[in-house]
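# Fold and geometry: a report
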Amino acid sequence: MMKYFFSIFVLISVFINPLNVYAEEIVLAGGCFWCLEHDLESLAGVNNVKSGYAGGELINPTYENHNGHQEVVLVDYLPEQVKLEEILRSYFRNIDPLDGGGQFCDRGDSYRPVIFFDNKDDEKIASYALNAASRELSVPLQEIKVELKKRSQFWIAEDYHQNYADNNELKYKFYRYA
């Protein structure tokens, strides 16, 4: 019975959202997930962006306890409409790639910049993006503090963190621009 359930679930998912069959994902850490989520959602070809946690060992992390994890976003995108290179270019424009101790007012390990890649192709593209940032900023590559790591388990954040900028416009603007 269970093996049929999974097949039916996949089939229904394809009918409900056929574009997602061709979608790819990338997980990015770069400070507070609210800001990355908001900025990356505006890119054409991005289906959705979910806030969450990744990179640590803790199972079922929460906002109150995500020790060892970074605050991240899971970017679901259509590669025919937006290339990973474009997503990473936007990512680098929304973080401080020279700061490995956090981002802007958010300090500590949870807020350090990390690109979590799925495969060798994504790792190569991410590595190229690091080099491009180094060239554009006219700094040696070793001064770029964005880490490349193999993707690990993505844990979705609590509902109140999803679409935070849209659902809490005043609080978000105060946080973002204060």
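Up top you'll find the structure we're talking about.
Structural notes, computed from the coordinates. (Residues numbered from 1 in each chain as written. Predicted model: local features only at pLDDT ≥ 70, side-chain atom pairs only at ≥ 80, totals over all residues. Heavy atoms only, no water.)

### What about the sheet that holds strand 7 (residues 147–150)?
Just so we agree on the cut-off: Strand pairing requires that DSSP identify at least two bridges connecting the strands. Strands here mean DSSP runs of E at least two residues long; helices mean DSSP runs of H or I at least four residues long; both are numbered from the N terminus. Residue contacts follow a heavy-atom distance rule, with two residues in contact if any of their heavy atoms lie within 4.5 Å. Orientation is described by axes fitted as lines to C-alpha atoms, over the contacting stretch for helices, and by angles from 0 to 180 degrees between their N-to-C directions.
Strand order in this open sheet of six strands is 7-6-1-3-2-8, and the pairing throughout is mixed. The open sheet terminates on both sides in strands that have one partner only, identified here as strand 7 and strand 8 (155–156). Strand direction decides the pairing type here: strand 6 (residues 114–117) and strand 7, joined by four bridges, are parallel. Looking across to strand 7, one finds that isoleucine 115 is bridged to leucine 148. Helix 3 (residues 84–93) contacts strand 1 (24–29), strand 3 (70–77) and strand 6 of the sheet and is inclined by roughly 15° relative to strand 1. Strands strand 1, strand 6 and strand 7 of the sheet are contacted by helix 4 (residues 120–137), whose axis makes an angle of about 175° with strand 7.

### A closer look at the packing of aromatic side chains
For clarity, the cut-off: Any two of the Phe, Tyr and Trp rings considered here, Trp counted by its six-membered ring, make a pair once their centres fall within 6.5 Å; the pair's planes then place it as stacked at under 30 degrees, edge-to-face at over 60, or tilted in between. Partly exposed describes any residue whose relative accessible area lies between the buried limit of under 20% and the exposed limit of over 50%, with all areas from a 1.4 Å probe on protein chains only and scaled to the type maximum.
For the coordinates displayed, the defined rule picks out one aromatic pair. With a centroid separation of 5.3 Å and an interplanar angle of 75°, the aromatic rings of tyrosine 91 and phenylalanine 92 are classed as edge-to-face. For the pair tyrosine 91 and phenylalanine 92, one class covers both residues: buried.

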